[in-house]
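# Fold and geometry: a report
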Amino acid sequence: MVINQTFDVVAFERLIAKLMQVGGRICAVCLVSGLVLWMIGGSALGWRLLQAGLITLMAMPALRICLTIVESFRMKDRLFLAATVTVALILGATLLYAFAVGR
Amino acid sequence: MGAGAGAGCLGALLGIGGGVFLVPFLHVGSGLPLNIASGISLMTVIATSSVVSAESVRRGMTNLRLGMLLQVGASAAALAGGIVVTAIPHAILYVMFSSVTAVVALIMLSRLDRRNVILDPTIDPGPFGGRFYEDESGREVTYRVRRMPAALTVSAVAGFVSGSLGIGGGVLQVPALNAWCGVPMRAAAATSSLMIGVTAAASAPIYYARGDVSPPLAAAAVLGVLVGSRVGLWIGERAKAKWLKLLMALVLAAVSITYLLKAW
């Protein structure tokens, strides 16, 4: 295992954690407002906000993996990079299958 | 929402996601079809994972390198589980799951006082081990990962269970990493909390596309989990590892009996 010592992993992880927090907040805002609007009158906007919240939620682990690819690349850790890229490809396959099912 | 909060709290406390509590509650307790309960549960597992893993990574307890390696099998199996679940008789899945959780509960109970940490932080943790600051001993501790094939196999099984039953695979992963592979409980729970979200994301879009995720119900459960998992994290920082193990064993036993009864 060769690790690039010049890359600040801790700072990058902190940045990822911050992004995840922001994603979590966007998701929570969409879900709360969507749920309230839907409960008041079953509006189309409420339904769309609920969907947007759930899609944001499902996208967050994928975003996490994409950022981890950058992290493993900058760490020059080949095994870590290969594993992370494979996971990203599997998530891509899930998305393709879901699109095919949804059609 | 209340069920989501309770499930999120216990899930965050144990690093296993709340799905293992939420699926039986929604399916058996509320009478929702299993596919709907599973779809909602997967959403809450992602929510728990997002909240808990951000905090655990910040505290340096997550073994990201080990997690990503195990994630390959877990994600692939979750995708397979999400695809083939409609063709598997549920009774077979229940019996399988009941047996596995019962065995893992027994392993946890037999190892309540066993610790996996090496108190000398200068010792090499090996290619997959790690170091973290342990509150209980008040210093940085080291651990090595043993039996990687076992860890990889359990992760794949956990992924399949996650994709097919909608529960976070952490219920299998945490005890296996802790008892068989030498990963301390807190590091196992932290690593698993990150993995369960990615594993759930490998099958959740399929449930969503099939129409198995009811947006209002999922939203209520997710909001409950977002609150509950913060409470779980707070308690988790203050509870002793021995009690976390005992709690997990009791939860596993309850889950095992529930699924066995459902299979009947």
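Since this is a predicted model, take the numbers as computed values, not measurements.

Reading guide: rules and limits
- Numbers given for residues are sequential positions, taken from 1 along each chain in its written order.
- Here chains are named by letter from A upward and ligands by number from 1 upward, in the order in which they appear as written.
- A pLDDT threshold of at least 70 governs which residues receive local features in this predicted model, and a stricter bar of 80 or more applies before side-chain atom pairs are shown or counted, although totals over entire chains, interfaces and linings include all residues.
- Computation of side-chain values covers all heavy atoms of the structure but excludes hydrogens and water.
- Should any heavy atoms of two residues lie within 4.5 Å, those residues are counted as being in contact.
- By buried area we mean how much accessible surface two parts lose on assembly, using a 1.4 Å probe and totalling the loss over both.
- Any Lys or Arg side-chain nitrogen located within 4 Å of an Asp or Glu carboxyl oxygen qualifies as a salt bridge.
- For this analysis, a polar contact is any N or O atom pair within 3.5 Å, provided that within protein one partner can donate a hydrogen and the other can accept it, and provided that sequence-adjacent residues contribute only side-chain to side-chain pairs.
- Across the chain, each position has a pLDDT score giving the predictor's confidence in that residue, from 0 to 100.
- In this text, helices come from DSSP runs of H or I with a minimum length of four residues, and strands from runs of E with a minimum of two, each type numbered from the N-terminal end.
- Only protein chains enter the accessibility calculation, which uses a 1.4 Å probe; a residue whose area is less than 20% of its type maximum is buried, one above 50% is exposed, and one in between is partly exposed.
- For each structure, a 1 Å grid was placed over the protein atoms alone; sets of points admitting a 1.4 Å probe that cannot get out are labelled cavities, open sets with protein on both sides within 12 Å along at least five of seven lines are labelled pockets, and lining residues have an atom within 4 Å of a point.
- Grid points are joined across faces, edges and corners, and a volume is the space filled by probe spheres set on the points.

With 39 residues of chain B at the contact, the number on the chain A side is 37 residues. Interface area, chain B with chain A, both sides summed: about 3300 Å², of which 86% is carbon and sulfur. Counting across the chain B and chain A interface gives 1 salt bridge. In this assembly, chain B and chain A are joined by 2 residue pairs in polar contact (both at pLDDT 80 or more).

Residues and elements named next belong to chain B. Summing up the model confidence of chain B, the mean pLDDT is 80 and the portion of residues at 70 or higher is 80%. Mean pLDDT across the elements of chain B ranges from a minimum in helix H1 (residues 2–14), with 64, to a maximum in helix H9 (residues 204–210), with 94. Both scores are given for the predicted complex: the pTM is 0.84, the ipTM 0.89.

Before going further, it helps to spend a moment on the environment of Ala47 of chain B. Looking at the secondary structure, you find Ala47 of chain B in helix H3 (residues 34–58). Assessed through its relative accessible area of 0%, Ala47 of chain B is described here as buried. As for Ala47 of chain B and Leu226 of chain B, which are separated by 179 residues in sequence, their C-alpha atoms are 6.4 Å apart. Once you skip the residues sitting within four places of it in the chain, Ala47 of chain B turns out to touch Leu57 of chain A together with Val222, Val225 and Leu226 of chain B.

With that out of the way, let us pick up empty space enclosed by the protein. According to the stated counting rule, one finds 4 cavities of 30 Å³ or more in the structure shown. Put simply, the second largest cavity is a space of about 80 Å³. What lines the second largest cavity is Met20, Met60, Pro61 and Arg64 of chain A together with Ile46, Ser49, Ser50, Ser53, Leu194, Gly197 and Val198 of chain B. Ranked by residue count, the leading element in the lining of the second largest cavity is H3 of chain B, at 4 residues.

A few words on helix H2 (residues 19–29) of chain B. Residue and element names in this part refer to chain B. Across the 11 residues that make up H2, a large majority, 8, are buried. Buried within H2 we find Gly19, Val20, Phe21, Leu22, Val23, Pro24, Leu26 and His27. Following H2 by one or two positions, Gly31 adopts a phi angle in the positive range, close to 75°.

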